[in-house]
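Examining the three-dimensional arrangement
Okay, here's what each chain looks like letter by letter:
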Amino acid sequence: MTYKSIKGTRDILPSESWKWQRVEEKIRGVMHTFNFREIRTPLFEETSLFSRSIGELTDIVSKEMYTFRDLSGESLTLRPEMTASVVRAHIQHNLREQSPLVKLYYIGPMFRQERPQAGRLRQFHQFGAEAIGSQIPSLDVEVVALAVATYEALGVKKTILRINSVGCEKCRPPYKEMLKRHLTRVRDRLSAESQRRLDVNPLRVLDSKSEEDQSAMAQIPLLKDHLCPECSAHYASVKEELAALELQYEEDGRLVRGLDYYTKTAFEILSKDLGAQDALAGGGRYDLLAEELGGKPTPGIGFAAGIERLMMVSEKQKSFLDGEEKPAIFFAALGNEAQRWAMKQALELRRRGISAELDFLSRSLKAQMREADRQQVRHVIIVGENEVKTRRATIKDMKSGEQKTVSFDEVMSLFEKTNTDK
Ligand code: HAM
């Protein structure tokens, strides 16, 4: 029997991992320009942290969490998202004492037991940001601008920003009742999934993509037209400020998110270059979450973005800017003495921060040259039996084909130079 990675999980092999590294570097760079600082939290938490924040009745909590008991019998869950953990850490470490507004970002794996398909995995990766401590609308715009700026920096084109307001504890419950009444009237025309949702969480029916649901809901009232004055004013300011920054957005009155902690602003960034799972990123405000988790009332807003989906779009749009880093130097050495010399030089180069590679398969010089070529190394240093005798090495520039022979003693000084010339 051979082992395979678990369904819905993937290995990221070296042919791909360099792209992940580039993407992560870019993300960190943009986060720092917006003055967000990194937070790393554990991969698992107490189960109730997630059920209380994301909501018992959501798909995530009701059927997608990886929950297990540890030896003490405590129920633990692999994090399906980061917002709950970040707010937990904010409360636990009293971060508001250090600064009334805390701007945090993260990159890492999340776990949801969903049906795997293109762009939907069971272990996937998100980058995201949370700004905790202010309820002013310009913070919403700061976070949206950050999300948009990240895609811009990554060279992702044609993203669509959709926004909505999901109201608050004052205006949402009466709207939910009204929505339920309207949906009950057209119940027979709704898809089976939406009929089920109607009983559990009527708001989620709104963002159904099925055509029968869309046509059944053509006349359904939208929450944005039934917001309380405070939510309405907040929403208006967010839209005004987005426009002032020339950030293009579409209003989507049916945008509701799959997590219950949201209040006021909700947004998503989509790409038509993704398949059915077209959401690159999603986020919104969660002004009641800290309190719900036992902290002092602390408003916040954030977003998270799927890295696998970002990779899919980048692949499709061919937007990777930089190539994979290749070794700068390959030592093609023949015989023990040459190999020993090459090992020593390679080590010295590496100490100076220059990447060097050699052969560990006792291949012929010709085969080693082929390997250097395959690895797209810029310079090969050839030390055959003759070279060892004369204590000279041949250096070949694989790009120009130029070759020269230098004494062993000169090799190091040459490469310092080559490296700075690059
Ligand atoms: P979410 O909409 O559940 O929000 O996830 C954000 C993004 O993660 C999605 O738009 C998608 O790109 C990616 N994603 C989600 N599930 C999967 C999956 N199974 N496979 C691949 N990618 C996936 C949240 O997680 C919130 N914590 C966002 C947030 C932060 N709200 C406020 N702050």
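Worth saying up front: this structure is predicted, and the values here are computed from it rather than measured. (Residues numbered from 1 in each chain as written. Predicted model: local features only at pLDDT ≥ 70, side-chain atom pairs only at ≥ 80, totals over all residues. Heavy atoms only, no water.)

1. Examining helix H1 (residues 14–33)
Its 20 residues place the ends of H1 29 Å apart at the C-alpha level, agreeing with the 28 Å of an ideal helix rising 1.5 Å per residue. The set of residues buried in H1 consists of Trp 18, Lys 19, Trp 20, Arg 22, Val 23, Ile 27, Val 30 and Met 31. Turning to H1, the residues buried within the fold contact strand E5 (102–111), strand E6 (123–132), helix H6 (137–153), strand E11 (300–306) and helix H13 (307–317). Of the residues one or two after H1, Asn 35 is the one with positive phi, at around 60°. (Helix = DSSP H or I, 4+ residues; strand = E, 2+ residues; numbered from the N terminus. Expected span 1.5 Å × (residues − 1). Buried < 20%, exposed > 50% of the residue type's maximum accessible area, 1.4 Å probe, protein only. Contact = heavy atoms within 4.5 Å.)

2. A short note on the domain arrangement of the protein chain
Annotation of the protein chain at the domain level lists domain 1 (14–171 + 227–317) and domain 2 (329–419). If you average the C-alpha positions of domain 1 and of domain 2, the two centres end up 49 Å apart. (Domains from an automatic or database assignment.)

3. Some remarks on the pairing of strand E12 (residues 329–333)
Every other side chain in a regular strand lies on the same face of the sheet, so the side chains alternate between the two faces. Along E12, five of the five residues are buried, which leaves the element largely enclosed by surrounding structure. Side-chain alternation along E12 places Ile 329, Phe 331 and Ala 333 on one buried face and Phe 330 and Ala 332 on a second face that is also buried. In terms of strand pairing, E12 meets strand E13 (residues 356–358) through three bridges, oriented parallel. Bridging from a neighbouring strand, Phe 330 pairs with Glu 357 of E13. Bridging between E12 and strand E14 (residues 379–383) involves five bridges; their strand directions are parallel. Bridging across to E14, Ala 333 finds its partner in Val 383. (Pairing = 2+ DSSP bridges.)

4. Brief notes about H13
H13 sits mainly inside the fold: eight of its eleven residues count as buried. Taken residue by residue, H13 has Ile 307, Glu 308, Arg 309, Leu 310, Met 311, Val 313, Ser 314 and Gln 317 as its buried positions. Positive backbone phi, approximately 50°, marks Lys 318, located one or two places after H13.

5. A word on the sheet that holds E14
Ordered by their spatial adjacency, five strands build an open sheet running E13-E12-E14-E15-E16, and the pairing between neighbours is mixed. Both outer strands of the open sheet, E13 and strand E16 (403–407), are each paired with one neighbouring strand and no more. Averaged over all adjacent pairs, the angle separating strand axes in this sheet is 25°, with direction ignored. Those strands touched by helix H14 (residues 336–351) are E12, E13, E14 and strand E15 (392–397), and its axis lies near 170° from that of E12. Sitting on the sheet, helix H15 (residues 365–374) touches E12, E14 and E15, and the angle it makes with E12 is about 170°. (Axes fitted to C-alpha atoms, helices over the stretch in contact; angles between N-to-C directions.)

6. Regarding the nonpolar core
In terms of nonpolar packing, the biggest core is built from 93 residues, with Met 31, Phe 36, Phe 127, Tyr 151 and Phe 303 touching the most fellow members. Of all the elements, H6 adds the most residues to this core, at ten residues. In contact with Phe 36, not counting residues within four places along its chain, are Met 31, Lys 103, Leu 104, Tyr 105, Ala 129, Glu 130, Ala 131, Glu 142, Val 143 and Leu 146. Membership of the second largest hydrophobic core comes to 22 residues, among which are Trp 341, Ala 346, Ala 356 and Phe 415. (Core = buried A, V, L, I, M, F, W, Y, C linked by side-chain atoms within 4.5 Å.)

7. Some words on the site of the ligand
Among the 27 residues in the neighbourhood of the ligand, the closest are listed as Glu 81, Glu 114, Leu 121, Arg 257 and Tyr 262. Between an oxygen atom of the ligand and a side-chain N or O atom of Arg 112, the distance comes to 2.9 Å. A distance of 2.8 Å separates a nitrogen atom of the ligand from a polar side-chain atom of Glu 130. Considering the ligand on its own, with 660 Å² of exposed area, one finds that the protein chains cover 95% of that surface. Of all elements in the fold, only E6, strand E10 (279–285) and E11 reach the threshold of two or more residues within the shell around the ligand. A class-by-class count of the residues in the shell around the ligand yields twelve nonpolar, eight polar and seven charged. (Near = heavy atom within 4 Å. Polar contact = N/O pair within 3.5 Å; in protein donor to acceptor, adjacent residues only side chain to side chain. Areas by Shrake-Rupley, 256 points an atom, 1.4 Å probe, with all protein chains shown as cover. Nonpolar A, V, L, I, M, F, W, Y, C, P; charged D, E, K, R; others polar.)

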